[in-house]
Amino acid sequence: MAEVTFKGNPVSLSGKEVKVGDTAPDFTVLNNSLEEVTLSDYQGKKKLISVVPSLDTGLCSKQTRKFNEDASSVDNAVILTISNDLPFAQARWCAAEGLDNVITLSDHRDLSFGENYGTVMDELRLQARSVFVLDENDKVVHAEYVSEGTEAPDYDAAVDALKSL
């Protein structure tokens, strides 16, 4: 498993680490309307999955905005932001930020995404900051588990991976 700290303190990650070359595992999360969403809902699309601890923090907000700005022009691609924030809080964040086209998904109910991608910080019940890029066939072409949860991911590497598909 990836070794991750949060505010300098080691945290344990639950689930199975996803690596480049793997077939992305399925998951079930909730959208802002409390409807279930799975990986197969984006079948045939390139996917950049941005995972954040909470949209209500500066860096998570910046990460969500940056990926949506930098990658939204990629043909046949979707940018998904996943956190354990409640769907209501995610919808409020999108409205407050004036972002109508951002897809935020909540893993708060079942931790399905976090367990299947190895991103649940057990001690905090939050998602570890990470980024996954999947091709149209759900093969993982980029995976980053950010080693310190309060630091930014490598934005350029993830966007470049998406653009190279």
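Given the structure is predicted, the values throughout are model-derived calculations rather than measurements. (Residues numbered from 1 in each chain as written. Predicted model: local features only at pLDDT ≥ 70, side-chain atom pairs only at ≥ 80, totals over all residues. Heavy atoms only, no water.)

## Quick word on unusual backbone geometry
Most peptide bonds take the trans form, and the phi angle of most residues other than glycine is negative.
Line of reasoning, step 1. Here the phi dihedral of Lys7 falls at roughly 55 degrees; this positive angle occurs in a residue that is not glycine.
Line of reasoning, step 2. Within the secondary structure, Lys7 sits in the loop between strand S1 (4-6) and strand S2 (9-11).
Line of reasoning, step 3. One non-glycine residue, Asn76, lies in positive phi territory at about 55 degrees.
Line of reasoning, step 4. If you trace the backbone, Asn76 turns up in the loop between helix H1 (58-71) and strand S7 (77-83). (Helix = DSSP H or I, 4+ residues; strand = E, 2+ residues; numbered from the N terminus.)

## Re the state of the cysteines
Line of reasoning, step 1. Applying the stated criterion to the full structure yields zero disulfides.
Line of reasoning, step 2. Free of any disulfide, Cys60 has its nearest cysteine sulfur in Cys94, 13 Å distant. (Disulfide = S-S within 2.5 Å.)

## What about the pairing of strand S12 (residues 140-145)?
Line of reasoning, step 1. In the sheet, strand S11 (residues 130-134) pairs with S12 via five bridges, with the strands oriented antiparallel. Following the sheet pairing, Val133 is matched in S12 by His142.
Line of reasoning, step 2. Joining the antiparallel neighbours S11 and S12 is a turn of five residues, in which Asp138 adopts a positive phi near 65 degrees. (Pairing = 2+ DSSP bridges.)

## Details of empty space enclosed by the protein
Space left empty within the atom packing is revealed by a probe, the size of a water molecule, rolled over the atoms.
Line of reasoning, step 1. Tallying each qualifying case throughout the model produces one cavity of 30 Å³ or more.
Line of reasoning, step 2. Size it by volume and the largest cavity reaches roughly 40 Å³.
Line of reasoning, step 3. What lines the largest cavity is simply Thr28, Val29, Leu30, Ser106, Asp107, His108, Arg109 and Asp110. (1 Å grid on protein atoms, 1.4 Å probe; cavity = no way out; pocket = protein on both sides within 12 Å on 5 of 7 lines; lining within 4 Å. Points joined across faces, edges and corners; volume = space filled by probe spheres on them.)

## Here we look at the UniProt feature "active site" (unreviewed entry) in the protein chain
Line of reasoning, step 1. According to UniProt, the positions carrying the feature "active site" (unreviewed entry) are Cys60.
Line of reasoning, step 2. Mapped onto the fold, Cys60 is located in helix H1. (UniProt positions renumbered as here; feature names shortened; annotations may be inferred.)

## Things to note about a nonpolar patch on the surface
Line of reasoning, step 1. Judged by side-chain polarity, Leu34, Leu86 and Phe88 come together as a nonpolar surface patch covering roughly 310 Å² of accessible area.
Line of reasoning, step 2. Inspection of the secondary structure assignment puts Leu86 in the loop between S7 and helix H2 (87-97).
Line of reasoning, step 3. Using a relative accessible area of 43% as the deciding quantity, one classes Leu86 as partly exposed. (Patch = residues over 30% accessible without salt bridge, like charges linked within 9 Å, V, L, I, M, F, W, Y side chains within 5 Å. Areas by Shrake-Rupley, 256 points an atom, 1.4 Å probe, with all protein chains shown as cover. Salt bridge = Lys/Arg side-chain N within 4 Å of Asp/Glu carboxyl O. Buried < 20%, exposed > 50% of the residue type's maximum accessible area, 1.4 Å probe, protein only.)

## Notes on the environment of Pro10
Line of reasoning, step 1. Relative to the helices and strands, Pro10 is located in strand S2.
Line of reasoning, step 2. The sequence separation of Pro10 and Leu80 amounts to 70 residues, and the corresponding C-alpha distance is 27 Å.
Line of reasoning, step 3. Dropping the residues within four chain positions of it, Pro10 is found in contact with Val4 and Thr5. (Contact = heavy atoms within 4.5 Å.)

## Focus on the nonpolar core
Line of reasoning, step 1. Membership of the largest hydrophobic core comes to 26 residues, with the highest contact counts inside it found for Phe27, Ile49, Phe113, Tyr117 and Phe132.
Line of reasoning, step 2. Of all elements in the fold, only S1, strand S6 (46-51), S7, helix H3 (112-117), S11 and S12 reach the threshold of two or more residues within this core.
Line of reasoning, step 3. Here this core gets three residues from one element, more than from any other, and that element is S7.
Line of reasoning, step 4. The next biggest cluster of nonpolar side chains, apart from the first, holds 12 residues, and it includes Phe67, Val74, Ile79 and Tyr155. (Core = buried A, V, L, I, M, F, W, Y, C linked by side-chain atoms within 4.5 Å.)

## So, the pairing of S11
Each regular strand carries side chains that alternate between the two faces of the sheet.
Line of reasoning, step 1. Most of S11 is tucked away: five of the five residues are buried.
Line of reasoning, step 2. A two-sided burial pattern is seen for S11, the buried positions comprising Ser130, Phe132 and Leu134 on one face and Val131 and Val133 on the other.
Line of reasoning, step 3. With five bridges joining them, S6 and S11 adopt antiparallel strand pairing. Residue pairing across strands places Leu48 opposite Val133, the latter belonging to S11.

## Observations concerning the pattern of salt bridges
Any two side chains of opposite charge can pair if their charged atoms end up close together.
Line of reasoning, step 1. Tallying each qualifying case throughout the model produces seven salt bridges.
Line of reasoning, step 2. Where Asp138 meets Lys47, a salt bridge forms, and the shortest distance between an N and an O atom there is 2.9 Å. Highlighted residues: Asp138 in the loop between S11 and S12 and Lys47 in strand S6, separated in sequence by 91 residues. Residues Asp138 and Lys47 agree in their burial class; the two are buried.
Line of reasoning, step 3. The residue Glu69 makes a salt bridge to Arg65 at a minimum N-O spacing of 4.0 Å. Taken as a pair, Glu69 and Arg65 lie in helix H1 at a separation of four residues, close to a single helical turn.

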